[in-house]
Amino acid sequence: MKTDEIILAIETSCDETAAAVVKGGTELLSNVVATQMEIHQKFGGVVPEIASRHHIEQITLVIEQALEEASVTMDDVDAIAVTEGPGLVGALLIGVNAAKSIAYAHDKPLIGVHHIAGHIYANRLEQEFQFPLLSLVVSGGHTELIYMRDHGGYEVIGETRDDAAGEAYDKVAKALKLPYPGGPVIDQLAQKGEDVYDFPRAWLEKGSYDFSFSGLKTSVINKLNQLKQKGEDVRVEDLAASFQASVIDVLVKKTYQAASDLGVNQLIVAGGVSANKGLREALKHQFEDTNVKLMIPPLYLCTDNAAMIGAAASIEFQKGNFKNLNLNANPGLMLG
Ligand code: KG4
Ligand code: ZN
């Protein structure tokens, strides 16, 4: 199997219509993302029906632009990759159908990619993996610790039992009447505030690598209501800083514990919440004097994009792991 294969990758699992061209799993030739963020902002969150409609409008344009920016034609492309799940079913379907149509029309192999595998592999566009490794995936839909012994082998050792970290950010932001998505806004406010409220940390039972964020979200909302009822000033910066401190404390300490227990060589951080300034700094601090090499993607690779799908697909290409035209969107797809 050739190792410098060119993959055209498509990602439409949520509110970004994205296409990218990736060479050999590590070289990014183009990366086009049409975001719908502003459209969904009006509704305070992603409206699935509207997301699907915008994906339909954008998908062909985005794919054409990705090929053009990469200066390749379909003749140069070795395979088509697409996010098959998890995500919004209507949104996923647009990408899956586009990928299947192109694969059929141009007689190219088709690769189905798990969205979280994509987030992890975004890092390989920057630096080579060193196994065994641990990945902390923190996004709007996922909070997971994944152990990897080799390429394409994913063992989920911990996950959230309720809200994902990004989801907690978005819900707390909504309660504080801040715009969607809440993560970046709370992150900025938190830099100006202080952890004065000392919100609970959900450590769960001893030895567990699982997470829980819904109790914290409720604590923030209760505190906000209390302050309002007493007629006290609500310092939104302090609420943001206190909430963020609790999230980061649990994420960093549990990740550190898992990395130590498993003796990994590398920690890879992935997903939209890895853009968080406070989290990035806390992880750097926690891991600086250890043998574990920390890898945090540049901001443009943290949130949803198709480059990460192309990078993850390269591993499946090498293994000859192709799909036929029965490939379907799978909103509940499991990893590993
Ligand atoms: O990975 P992503 O783009 O989409 C999903 O697969 O979910 O992640 C989006 C999530 C949102 O919940 C958003 O609020 C959060 O990532 N996010 C952040 C930051 N930037 C984005 N959360 C905390 N701090 C940030 N700076
Ligand atoms: Zn994502």
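Residues numbered from 1 in each chain as written. Chains lettered and ligands numbered in written order. Predicted model: local features only at pLDDT ≥ 70, side-chain atom pairs only at ≥ 80, totals over all residues. Heavy atoms only, no water.

Points about the site of ligand 1
How we decide: Consider each residue's heavy atoms; a residue with any of them within 4 Å of a molecule or strand counts as near. Under this definition, polar contacts are N or O atom pairs within 3.5 Å; protein pairs additionally need one hydrogen-donor-capable and one acceptor-capable atom, and for neighbouring residues in sequence, both atoms have to be side-chain atoms. Areas reported as accessible are Shrake-Rupley estimates using a 1.4 Å probe. Residue values count occlusion only from the protein chains shown. Helix and strand definitions here come from DSSP, where helices need a minimum of 4 consecutive H or I residues and strands a minimum of 2 consecutive E residues; each element is numbered from the N-terminal end. Lys, Arg, Asp and Glu make up the charged group, whereas Ala, Val, Leu, Ile, Met, Phe, Trp, Tyr, Cys and Pro make up the nonpolar group; the residues left over, Gly among them, are polar.
In the vicinity of ligand 1, 20 residues are found, and the nearest of them are His-119, Gly-140, Asp-170, Gly-272 and Asn-276. His-119 is positioned with one of its side-chain polar atoms (N or O) 3.0 Å from an oxygen atom of ligand 1. Summarising the interface, the protein chains cover 89% of the accessible area of ligand 1, which totals 550 Å² for the free molecule. Looking at the shell around ligand 1, the elements that each hand over two or more residues are helix 4 (115–121), helix 5 (165–175) and helix 6 (182–192). Tallied by class, residues from the shell around ligand 1 come to five nonpolar, 12 polar and three charged.

Observations concerning the sheet that holds strand 4 (residues 79–85)
Note the threshold: Here, any two strands with at least 2 DSSP bridges between them count as paired. Here an axis means a line fitted to C-alpha atoms, over the contact stretch when the element is a helix, while the angle between two N-to-C directions is reported on a 0 to 180 degree scale. In what follows, a contact means two residues having at least one pair of non-hydrogen atoms within 4.5 Å.
Reading across the sheet, the five strands line up as 3-2-1-4-5 and stay open at both edges, with mixed pairing between neighbours. Each edge of the open sheet is held by one strand with a lone partner, namely strand 3 (27–35) and strand 5 (110–114). Across the sheet, the mean angle from the axis of one strand to that of its neighbour is 20 degrees, orientation sign disregarded. Judged from the eight bridges that link them, strand 2 (residues 16–23) and strand 3 form a sheet pairing that is antiparallel. Within strand 3, the position partnered with Thr-17 by the bridge is Ala-34. Sheet strands touched by helix 2 (residues 48–70): strand 1 (6–11), strand 2 and strand 3. Its angle to strand 2, the strand with the most contacts, is close to 25 degrees.

Overview of the domain arrangement of the chain
Defined as follows: What marks off one domain from the next here is an automatic or database domain assignment. A simple way to read buried area is as the amount of 1.4 Å-probe accessible surface that goes missing from two parts once joined, with both sides added. What counts as a salt bridge is simple: a side-chain nitrogen of Lys or Arg found within 4 Å of a carboxyl oxygen of Asp or Glu.
Domain parsing of the chain yields domain 1 (6–121 + 302–319) and domain 2 (130–296). Here the C-alpha centroids of domain 1 and domain 2 sit 27 Å apart. Counting from both sides, the interface comprises 16 residues of domain 1 and, opposite them, 19 residues of domain 2. In total, about 1500 Å² of surface goes out of reach between domain 1 and domain 2, with carbon and sulfur atoms giving 69% of it. Summed over the three residues of domain 1 that lose the most area to domain 2, namely Ile-116, Ile-120 and Cys-302, the buried surface amounts to 37% of that side. Our count for the domain 1 to domain 2 interface comes out at zero salt bridges. Among the secondary structure elements, those contributing two or more residues to the side of domain 1 that touches domain 2 are helix 1 (37–41), helix 4 and helix 11 (307–319). If you tally residues by element for the side of domain 1 that touches domain 2, the top one is helix 4, at five residues. Residue composition of the side of domain 1 that touches domain 2, grouped by class: nine nonpolar, five polar and two charged.

So, the packing of helix 8 (residues 236–262) against helix 9 (residues 277–287)
Test applied: Handedness of a helix crossing follows the sense of rotation of the near helix relative to the far helix, less than a right angle counterclockwise being left-handed and clockwise being right-handed.
Remark: helix 8 packs on helix 9, axes separated minimally by 10 Å, with the N-to-C direction vectors making an angle of 35 degrees. Seen along the crossing, helix 8 lies across helix 9 with a hand that is right-handed. Within the contact between the two elements, helix 8 uses Gln-244, Ile-248, Leu-251, Val-252, Thr-255, Tyr-256 and Ala-259 and helix 9 uses Gly-278, Leu-279, Ala-282, Leu-283, Gln-286 and Phe-287. By residue class, the composition of the contact of helix 8 with helix 9 is nine nonpolar, four polar and no charged.

Re the coordination of the zinc ion (ligand 2)
To be explicit about the condition: Donor criterion used throughout: N, O or S atom within 2.8 Å of the metal, extended to 3.2 Å for Na, K and Ca. Water excluded; incomplete-looking sites may result.
Here the zinc ion (ligand 2) is held by His-115 (NE2), His-119 (NE2) and Asp-304 (OD), and the distances to it run 2.0 to 2.1 Å. Mapped onto the sequence, the residues coordinating the zinc ion (ligand 2) show the spacing H-x3-H-x184-D. Of this pair, His-115 sits in helix 4 while Asp-304 is found in the loop between helix 10 (299–302) and helix 11, placing the two residues 189 residues apart along the sequence.

Thoughts on the packing of aromatic side chains
Spelled out, the test is: Pairs were defined over the aromatic rings of Phe, Tyr and Trp, the Trp ring being its six-membered one, requiring ring centres within 6.5 Å. Orientation was assigned from the angle between planes: stacked under 30 degrees, edge-to-face over 60, tilted for the rest. Summary of the burial criterion: residues with accessible area below 20% of their type's maximum are buried, those above 50% are exposed, and those between are partly exposed, where the area comes from a 1.4 Å probe applied to protein chains only.
Evaluated as defined, the whole model comprises seven aromatic pairs. When the ring of Tyr-169 is compared with that of Phe-243, the centres are 4.9 Å apart and the planes differ by 80 degrees; the resulting orientation is edge-to-face. Here the residue Tyr-169 occupies a position in helix 5, and Phe-243 occupies one in helix 8, the gap between them amounting to 74 residues. Looking at Phe-243, the relative accessible area reads 0%, which means it is buried. In textbook terms, an aromatic cluster arises when at least three aromatic residues are bridged by ring pairs, as seen for Tyr-121, Phe-129 and Phe-131.

Some remarks on the sheet that holds strand 10 (residues 293–295)
Pairing is mixed across the open sheet formed by five strands, whose spatial order is 8-7-6-9-10. At either margin of the open sheet sits one strand with a lone partner, and together these are strand 8 (155–159) and strand 10. The mean inter-strand angle of the sheet, taken between neighbouring strand axes irrespective of direction, is 20 degrees. Across four bridges, the pairing between strand 7 (residues 143–148) and strand 8 is antiparallel. By the bridge assignment, Tyr-147 is partnered in strand 8 with Glu-155. Here helix 8 sits on the sheet in contact with strand 6 (133–138), strand 7, strand 8 and strand 9 (266–270), set at roughly 160 degrees to strand 6.

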